[in-house]
Amino acid sequence: MHYDTMVISGASGGIGSCIAIRAASFCDHMILLYNSSFKDITVLTDRLSGTCDAVAVKCDLSDVREASKIAHDISDKYKVDALVNNAGISLVKLLQDCTDEEICRLINVNLTSAVLLTKAFIPGMIAEKRGCIVNVSSVWGEIGASCEAVYSASKAGLNGFTQALARELGPSGIRVNSVCPGMTDTRMNKCFGNQQMQDIIREIPLGRIADPDEIAAGVMFLLSDKSSYINGQCFSPNGGMLI
């Protein structure tokens, strides 16, 4: 398995950076989309230097026009044959307490951006009859979470997008799958207090939350030749939380 250009959204986060580090030796060019963590993305690009041509691109994926423009700019310059839609934000609130702006922003980042990036890159993949797309979803996209209705809906939508697109692109030799992590040790989950986290851990048979690199390993499996006959699947590394 070797790719010409891999695009990873949400690359400065815990899972995104682990994916980039694992995938660097498997592509010639890597486009790292990030928004606010300039320090983290700089450290990451420095680490990848010498392994692949890593380019950091700042992009606010909550802005539909910006996301679409940057995606098309990338597709004009690079031959993208691997895409990891990893960008995501959370919103832990009762639905009636969520503002319209918060709802739209979350859905744009978690779902719409994945659709727009994919739309921009698939013509090139179809022309080459090869490509791989992995969407990083969530276990809450499979079962839903109280006080995270909008987040759960966005991730369920991402899973539906994954399965439908796998049917659409499979005949062109392009595989589409998703990874649906359980609770993972990332900045996103720092909003939970110690007692809340302990309550969550008690529901996990393995008795712990995931390390971001464990999720990245699942993404890499789906990007690799070892998963050459896997298409349209939603894998959920969740420690047994959902059985």
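Reading the values: the criteria
Residues numbered from 1 in each chain as written. Predicted model: local features only at pLDDT ≥ 70, side-chain atom pairs only at ≥ 80, totals over all residues. Heavy atoms only, no water. Helix = DSSP H or I, 4+ residues; strand = E, 2+ residues; numbered from the N terminus. Rg over C-alpha atoms; globule rule 2.2 N^0.38 Å. Buried < 20%, exposed > 50% of the residue type's maximum accessible area, 1.4 Å probe, protein only. Contact = heavy atoms within 4.5 Å. Lys, Arg positive; Asp, Glu negative; His and termini not counted. Charge placed at Lys NZ, Arg CZ, Asp CG, Glu CD. Salt bridge = Lys/Arg side-chain N within 4 Å of Asp/Glu carboxyl O. Pairing = 2+ DSSP bridges. Axes fitted to C-alpha atoms, helices over the stretch in contact; angles between N-to-C directions.

The subject of this paragraph is the overall build of the protein chain. On a plain count of helices and strands, the protein chain comes out with 8 helices and 7 strands. Radius of gyration (C-alpha) of the protein chain: 17 Å, near the 18 Å computed for a compact globule of 243 residues. Its C-alpha atoms give the protein chain principal-axis dimensions of about 50 × 35 × 35 Å. When the 243 residues of the protein chain are sorted by exposure, 51% land in the buried category. Partitioning the contacts of the protein chain with sequence separation of at least 6, the portion at a separation of at least 24 is 74%. Distance from the positive charge centre (21 side chains) to the negative charge centre (26 side chains) of the protein chain: 3 Å.

On to the environment of Ile 8. Along the chain, Ile 8 turns up in strand S1 (residues 3-8). Taking relative accessible area as the criterion, Ile 8 reaches 0% and is therefore assigned buried. Residues Ile 8 and Asn 194, spaced 186 residues apart in sequence, show a C-alpha to C-alpha distance of 31 Å.

This part covers the pattern of salt bridges. Here the structure, examined in full by the defined rule, presents 7 salt bridges. Between Lys 69 and Asp 73 there is a salt bridge; the shortest N-O distance is 2.8 Å. Taken together, the positions of Lys 69 and Asp 73, both in helix H3 (residues 64-77) and 4 residues apart, correspond to about one turn of that helix. By relative accessible area, Lys 69 is classed as exposed at 53%. Here Asp 199 makes a salt bridge to Arg 202, at a shortest N to O gap of 2.1 Å. Here Asp 199 pairs with Arg 202, and both are found in helix H7 (residues 194-202), just 3 residues apart, close to one helical turn. According to the relative accessible area criterion, Arg 202 is exposed, its value standing at 57%.

This next bit is on the sheet that holds strand S7 (residues 234-235). Within a sheet, each strand pairs with its neighbour through backbone hydrogen bonds, oriented either parallel or antiparallel. Taken in spatial order, the 7 strands of this open sheet run S3-S2-S1-S4-S5-S6-S7, and their pairing is parallel. Only two strands of the sheet have a single partner each, and these edge strands are strand S3 (53-58) and S7. Strand direction decides the pairing type here: strand S6 (residues 174-179) and S7, joined by 2 bridges, are parallel. Within the sheet, the bridge partner assigned to Val 179 lies in S7 and is Phe 235. Of the strands in this sheet, strand S5 (131-136), S6 and S7 touch helix H6 (residues 149-169), which is tilted by about 160° from S6.

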